[in-house]
Amino acid sequence: MARRFFIEKDIKVGEEIEITGEEAKHIMVLRHNIGEKILINDKICEIKNISKQGIEVEAIEEEKKIGIPSVNITLFQALLKSDKLEFVIQKAVELGVCKIKPFISKNVIVKLNDSDKIKKIDRWNKISKEASKQCGRSDIVLVENIISFNAMLEELQGYDLVLIAYENEVQSLKEVIQKNINAKNIAIIIGAEGGFEKDEVLEILKQENAKSVSLGSRILRAETASLNLISILMYEFDGGTSNFAHNMIK
Ligand code: SAH
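Residues numbered from 1 in each chain as written. Predicted model: local features only at pLDDT ≥ 70, side-chain atom pairs only at ≥ 80, totals over all residues. Heavy atoms only, no water.

### Focus on helix α7 (residues 222-237)
Next, step 1: Between the first and last C-alpha of α7 there are 22 Å, a value that for 16 residues agrees with the 22 Å anticipated at 1.5 Å per step.
Next, step 2: Along α7, the positions that sit buried rather than exposed are A222, E223, A225, S226, L227, L229, I230, L233, M234 and F237.
Next, step 3: Buried residues along α7 sit against β6 (72-78), α2 (82-95), β10 (161-165), α5 (173-179) and β11 (185-190). (Helix = DSSP H or I, 4+ residues; strand = E, 2+ residues; numbered from the N terminus. Expected span 1.5 Å × (residues − 1). Buried < 20%, exposed > 50% of the residue type's maximum accessible area, 1.4 Å probe, protein only. Contact = heavy atoms within 4.5 Å.)

### Notes on the sheet that holds strand β2 (residues 16-19)
Next, step 1: Reading across the sheet, the 5 strands line up as β1-β3-β4-β5-β2 and stay open at both edges, with mixed pairing between neighbours. Of all the strands in the sheet, the pair left with one neighbour each is β1 (4-5) and β2.
Next, step 2: In the sheet, strand β4 (residues 43-50) pairs with strand β5 (residues 55-62) via 7 bridges, with the strands oriented antiparallel. If you follow I50 over to β5, its bridge partner there is I55. (Pairing = 2+ DSSP bridges.)

### Side note on the layout of surface pockets
Next, step 1: There is about 430 Å³ of room inside the largest pocket.
Next, step 2: Surrounding the largest pocket, 25 residues form its lining, E167, I219, L220, R221 and A222 being those nearest its centre.
Next, step 3: Tallied by class, residues from the lining of the largest pocket come to 11 nonpolar, 6 polar and 8 charged. (1 Å grid on protein atoms, 1.4 Å probe; cavity = no way out; pocket = protein on both sides within 12 Å on 5 of 7 lines; lining within 4 Å. Points joined across faces, edges and corners; volume = space filled by probe spheres on them. Nonpolar A, V, L, I, M, F, W, Y, C, P; charged D, E, K, R; others polar.)

### Quick look at the domain arrangement of the protein
Next, step 1: The domain architecture assigned to the protein consists of domain 1 (4-62) and domain 2 (72-248).
Next, step 2: A separation of 33 Å is found between the C-alpha centroids of domain 1 and domain 2.
Next, step 3: Opposite the 6 residues of domain 1 that make contact, domain 2 presents 8 residues.
Next, step 4: Carbon and sulfur atoms make up 56% of the surface buried where domain 1 meets domain 2, a total of about 660 Å² over both sides.
Next, step 5: The interface formed by domain 1 and domain 2 holds 1 salt bridge in total.
Next, step 6: Between domain 1 and domain 2 we count 3 residue pairs in polar contact (both at pLDDT 80 or more) in total.
Next, step 7: For the side of domain 1 that touches domain 2, the secondary-structure elements that each account for two or more residues are β1 and α1 (21-29). (Domains from an automatic or database assignment. Buried area = accessible area lost by both parts, 1.4 Å probe. Salt bridge = Lys/Arg side-chain N within 4 Å of Asp/Glu carboxyl O. Polar contact = N/O pair within 3.5 Å; in protein donor to acceptor, adjacent residues only side chain to side chain.)

Below you can see the structure in the form of structure tokens.
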């Protein structure tokens, strides 16, 4: 499979553009040569020229979309300590979520001021982009701004299924999946290291299509819970198999 690089600008088939900065450096480090084909965003491009200023490429054709799941999973993740959340973002993108929305609940320990928040969002989106690149997805998973618990409640409308992983729940995930096997648009909500307060869970359960589920009889760390739930949902709901073969570039 050809390597994928992402640039901010949209690139159209037939267009020639010059790539500079970080991505140009990356292309050079990987020792790509003139005439080779690489993926830029969702276009197959031919390298036309390589110089100190940058790399000129021509977009040859549209890439067949790959790595994009057939189920749409949005991860609402309570803020976790820095390295833990970064880990969750990276792995959630690999596993196939479509959007990540960090939120603050009562038991969130991490405190961020406004300038920290901006820096974090930037960093998280960089991690997400790298993960897309690494796993061969042709889309980018947006890590949205940090929202309050109440703002999260308002964003829960419109999903076929809203799953809150609650450590004190007994209802099995299996049962809920079986009853909602046609869901296409799923929100999942995972707590912070300190878990959820009961009243928070009750508020979430007032939302349409919301169910609280147990992930088993052991208490998992938040990052384990998150990745475990995503993996199970992908297994149950994502019809996609590996389609890299369609995109081989000779
Ligand atoms: N503070 C809690 C544990 C929180 S675990 C305690 O020590 O008792 C962090 C988050 O992971 C939870 O909020 C929940 O979303 C998820 N989680 C962990 N284990 C779970 C389980 N067995 N079932 C459902 N969710 C779980």
